[in-house]
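A look at the structure
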Amino acid sequence: MINILLIFMLSVNVISFKLSFNKNRNTFLKLENKGSGSNEEENKEIKKIRNININFEEIIQKMDEDKIKELKYIPKAPQKEEDIKEDSFEGYLKKLFSMIKDENNKTNFDRFFKWRKQIGTTLTEDELKEIYYSVCEDECDLMEFIQINNIIDENDGAKF
């Protein structure tokens, strides 16, 4: 009895699947033939499609402005060494700077470049030099070091 019941259920499933497949196949064939130029009414329907002009930049700008208005506090980068929190990214950079600075609490491009290559970067020496000298003239102090690294981190690997 169970065998007959199982065979009956299996055959019902197979028949249902075939019917479903044929229905989907017919729908697919109708879609495939639609717009083939065989029917004028279908061609008119296709021509009724219109483009919607949406300025996504404007929408995103408005959404950004609205979100900024909702915020009560927008964190800013520290402006002085005393503002640096030890458990922040700037605190991490402060520890790294202490390893490469000289007795005047500054570092030059050569020491900076060797250190930066050691920790990893996809930028070339010329690109790093351009960023370095856009922030400072010769030697950089801690705050300039942080600024340089922020710029590098924003640009490092941006091509990928």
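In short, a report on the structure. (Residues numbered from 1 in each chain as written. Predicted model: local features only at pLDDT ≥ 70, side-chain atom pairs only at ≥ 80, totals over all residues. Heavy atoms only, no water.)

**Quick notes on the pattern of salt bridges**
Following the criterion strictly, the structure yields six salt bridges and no others. Linking Lys62 and Asp66 is a salt bridge whose minimum nitrogen-to-oxygen distance equals 3.2 Å. On the criterion of helical spacing, the pair formed by Lys62 and Asp66 is a turn pair, its members being four residues apart in helix α3 (residues 56–70). Overall, Lys62 belongs to the partly exposed group, its relative accessible area being 44%. What makes Asp66 partly exposed here is its relative accessible area of 30%. Members of the salt-bridge network, linked through shared partners, are Glu81, Glu86 and Lys94. (Salt bridge = Lys/Arg side-chain N within 4 Å of Asp/Glu carboxyl O. Helix = DSSP H or I, 4+ residues; strand = E, 2+ residues; numbered from the N terminus. Buried < 20%, exposed > 50% of the residue type's maximum accessible area, 1.4 Å probe, protein only.)

**Let's talk about a negative patch on the surface**
Among the surface-exposed residues, Asp110, Glu125, Asp126 and Glu130 lie close enough to one another that they form a single negatively charged patch. Considering each element in turn, the negative patch owes the most residues, three residues, to helix α6 (residues 125–135). (Patch = residues over 30% accessible without salt bridge, like charges linked within 9 Å, V, L, I, M, F, W, Y side chains within 5 Å. Areas by Shrake-Rupley, 256 points an atom, 1.4 Å probe, with all protein chains shown as cover. Lys, Arg positive; Asp, Glu negative; His and termini not counted. Charge placed at Lys NZ, Arg CZ, Asp CG, Glu CD.)

**A look at the packing of helix α5 (residues 109–119) against helix α7 (residues 142–155)**
Two elements in contact, α5 and α7, have axes whose closest approach is 13 Å; the angle formed by their N-to-C orientations is 45 degrees. Judged by the inter-axis angle, α5 sits oblique to α7. Crossing handedness for the pair α5 and α7: right-handed. Contacts between α5 and α7 involve Phe112, Trp115 and Arg116 on the former and, on the latter, Phe145, Ile148, Asn149, Ile152 and Asp153. Of the residues belonging to the contact of α5 with α7, the class tally is five nonpolar, one polar and two charged. (Axes fitted to C-alpha atoms, helices over the stretch in contact; angles between N-to-C directions. Parallel < 35°, antiparallel > 145°, perpendicular 65-115°, else oblique. Left-handed = near helix turned anticlockwise from the far one by under 90°. Contact = heavy atoms within 4.5 Å. Nonpolar A, V, L, I, M, F, W, Y, C, P; charged D, E, K, R; others polar.)

**Regarding the nonpolar core**
Within the largest apolar cluster, 21 residues are counted, with the highest numbers of intra-cluster contacts made by Phe112, Tyr132, Phe145, Ile148 and Ile152. When residues of this core are traced back to their parent elements, those giving at least two are α4 (89–100), α5, α6 and α7. The element best represented in this core is α7, accounting for five residues. Here Phe145 is in contact with Leu93, Phe97, Ile100, Phe112, Trp115 and Cys140, once residues within four sequence places are set aside. (Core = buried A, V, L, I, M, F, W, Y, C linked by side-chain atoms within 4.5 Å.)

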